[in-house]
Amino acid sequence: MLTALEGAYGDRGDAVTVAGRTASYEELLGAAGAVAADVAGAPAFAVTATASLETVAAVVGGLLAGVPCVPLPPDAGPAEREHILRDSGAAEVGVDFARRADAPSGKAAAPGDPALILYTSGTTGPPKGVVLSGAAIAADLDALAEAWRWSADDTLVHGLPLFHVHGLVLGVLGALRTGSRLVHTGRPTPDAYAEAGGSLYFGVPTVWSRIAAEPEAASALSGARLLVSGSAALPAPVFRDLELLTGHRPVERYGMTETLITISGRAGGEVRPGTVGTPLTGIRTRIAAEPGAGIGELQLTGPTLFSGYLGRPEATAAAYTEDGWFRTGDIAAVDEKDGVHRIVGRASIDMIKSGGYRIGAGEIENALLDHPKVREAAVVGVPDADLGQRIVAYVVADGVTGAELTDFVAAHLSVHKRPREVRFVTAVPRNAMGKPQKKLLLEGRQGDRN
Ligand code: MLC
Ligand code: AMP
């Protein structure tokens, strides 16, 4: 699976750099071997997925041992950590990158075996574990290598979190499969991207928008080969500014934790702002639209799909149509002439994308309701120039400040799921069934307290 570690491209002293520390393939393999020896035989293991060589060694060690790794968000509070550890049954391991060992020779993992379990939010309830097989990951990385002409000649640069598909599957395993050098910048700041001197850059739209706002940093990327944006819609003005400053038309690609990346623009192909390109090799898509509408839910099939939600067969079954297509929950349209896909929005108001993070409104509402002073809570995603959407919580409560509630969510769930704004109201508008009328909140038709 990780061709570079199997010696396909020789060794390199600077194969992998994460947050300023560099390792060769040989060093990484030795450190990962030590992790593999520790976790061999376990059903799964967890690691606090800081942006570090340790996290890379842990994930690779899991692959060597055939034991799925559960990356824990490092900013997760106790409630979220406990949920993930309990739900996955994984014990957390510590990693010492200085240790070296050969991976234990045991039963090799079969391609369909679980390789990673990534926790991701639904519209309600706590995050679910998405089980990804080695075969799905390999199929996706090969399809992306083809689409982006991604090779061992590249230096991949990004600074994305290592507990989601974008930063971990594409951003780490992709480099180790294609043999491209990896420079992970620790944080995805414009200056760090500018200094890294890569050929291939990954970012979420928030990262690209911050780069576009710093012309000097942006122009340093003009020597790159390809800029790729994904995880949320890239705003047209950001596309335009990036093109002006870097000379590149950024390629957009579309994906989900459950499906990996399925649709993308092509290196050297025509790129239109506001579109995500065409299905990758092996992926078929369809639009479940009312007759004549041309726009509707995007559904897909292919070899990159997940194996299921861990321990939740009903949720897994509900994610598919009766005839076996995965329901993305995204609304899309396809150009009749060239098959180029456009993502128009989400089917559910309760699925928020903020800074490229997927956040379920229900999860934040439950966290707020755990606060003793909160009587009602309704959470929405409000358009935001920096984050795409920002989390706004409408709350009925007395004797507590917005900042206290923000800190409460940050400490319980995770920092990146905190509301950016808390608005106190006298009541959450509800329909006759008692369901919050979030559209009314978004339109500003709610009873403000002050
Ligand atoms: C602020 N902070 C607090 C706080 N308020 N800490 C504790 N309590 C509070 N109340 C601190 C944080 O700890 C952090 O400190 C700092 O404020 C900034 O917070 P942030 O939220 O991390 O920063 P922000 O600038 O908003 O982040 C923007 C971002 C981030 C773009 C860097 O959103 C990001 O990394 N997004 C990527 C998401 C992603 O990878 N998604 C892919 C999903 S996979 P400090 O010290 O840490 O700075 C997928 C599939 C696909 O979607 O298609 O790719
Ligand atoms: P996640 O499970 O965190 O990977 O989030 C998946 C969701 O991100 C998808 O269902 C989409 O809503 C959104 N998404 C990913 N890439 C894009 C894109 N290029 N344009 C618009 N939305 C995207």
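Residues numbered from 1 in each chain as written. Chains lettered and ligands numbered in written order. Predicted model: local features only at pLDDT ≥ 70, side-chain atom pairs only at ≥ 80, totals over all residues. Heavy atoms only, no water.

**Concerning the sheet that holds strand β15 (residues 284-288)**
We count it as follows: Note on pairing: two strands pair once DSSP finds at least 2 bridges between them. Only DSSP runs of H or I reaching four residues or more are called helices, and only runs of E reaching two or more are called strands; each is numbered from the N terminus. Orientation is described by axes fitted as lines to C-alpha atoms, over the contacting stretch for helices, and by angles from 0 to 180 degrees between their N-to-C directions.
Read from one edge of the open sheet, four strands run β15-β16-β18-β19, paired in antiparallel fashion. In this open sheet, the two edge strands, each paired with only one partner strand, are β15 and β19 (341-346). Neighbour-to-neighbour, the strand axes of the sheet open up by a mean angle of 45°, direction not taken into account. Here five bridges tie strand β18 (residues 326-334) to β19, and the two strands are oriented antiparallel to one another. Looking across to β19, one finds that alanine 333 is bridged to arginine 342.

**Description of the pairing of strand β16 (residues 295-301)**
Inclusion rule: Here's how the labels work: a residue is buried when its accessible area is under 20% of the maximum for its type, exposed when over 50%, partly exposed in between, all with a 1.4 Å probe on protein chains only.
Counting buried positions along β16 yields six of seven residues, so the element is predominantly enclosed. Note: β15 against β16, five bridges, orientation antiparallel. Note on β16: the bridge partner recorded for arginine 284 is threonine 301. Two successive antiparallel strands, β15 and β16, enclose a turn made up of six residues, where glycine 292 displays a positive phi of approximately 85°. Relative to β18, β16 runs antiparallel, the two sharing five bridges. Pairing of leucine 300 across the sheet is with phenylalanine 326, part of β18.

**So, the pattern of salt bridges**
Applicable threshold: The term salt bridge refers to a pairing of a side-chain nitrogen on Lys or Arg with a carboxyl oxygen on Asp or Glu at a separation within 4 Å.
If you walk through the whole model with that rule in mind, you get 26 salt bridges. Of the charged contacts in the structure, one is a salt bridge between arginine 249 and glutamate 243, with a shortest N-O distance of 3.0 Å. Residue class for glutamate 243 comes out partly exposed when judged on its relative accessible area of 30%. Here arginine 272 and aspartate 335 are joined by a salt bridge, their closest N and O atoms 3.5 Å apart. With a gap of 63 residues between them, arginine 272 in the loop between β13 (260-264) and β14 (278-279) and aspartate 335 in the loop between β18 and β19 connect regions that are remote in the sequence. Among the ionic contacts, a cluster of salt bridges with common partners joins Glu270, Arg272, Asp335 and Asp338.

**Description of the site of ligand 1**
What counts here: Near, as used in this document, describes a residue that has one of its heavy atoms within 4 Å of the molecule or strand being considered. Under the rule applied, a polar contact is a pair of N or O atoms within 3.5 Å (in protein, one hydrogen donor and one hydrogen acceptor; residues adjacent in sequence only if both atoms are side-chain atoms). For the accessible areas, the method is Shrake-Rupley and the probe is 1.4 Å, while residue cover comes only from the protein chains on display. Under the grouping applied here, Gly and all other residues not named as nonpolar or charged are polar, the nonpolar ones being Ala, Val, Leu, Ile, Met, Phe, Trp, Tyr, Cys and Pro and the charged ones Asp, Glu, Lys and Arg.
If you check the shell around ligand 1, you find 23 residues, and the closest are Ser231, Arg253, Lys353, Gly355 and Asp407. Interatomic distance of 2.6 Å between a side-chain N/O atom of serine 231 and an oxygen atom of ligand 1. Contact between ligand 1 and glycine 255: an oxygen atom at 3.5 Å from a main-chain N or O atom of the residue. Protein burial of ligand 1: of its 1,100 Å² of free accessible surface, 71% is covered by the chains. Those elements giving two or more residues to the shell around ligand 1 turn out to be α5 (165-178), α7 (205-212), β12 (251-256) and α12 (402-412). A per-class count over the shell around ligand 1 returns nine nonpolar, seven polar and seven charged.

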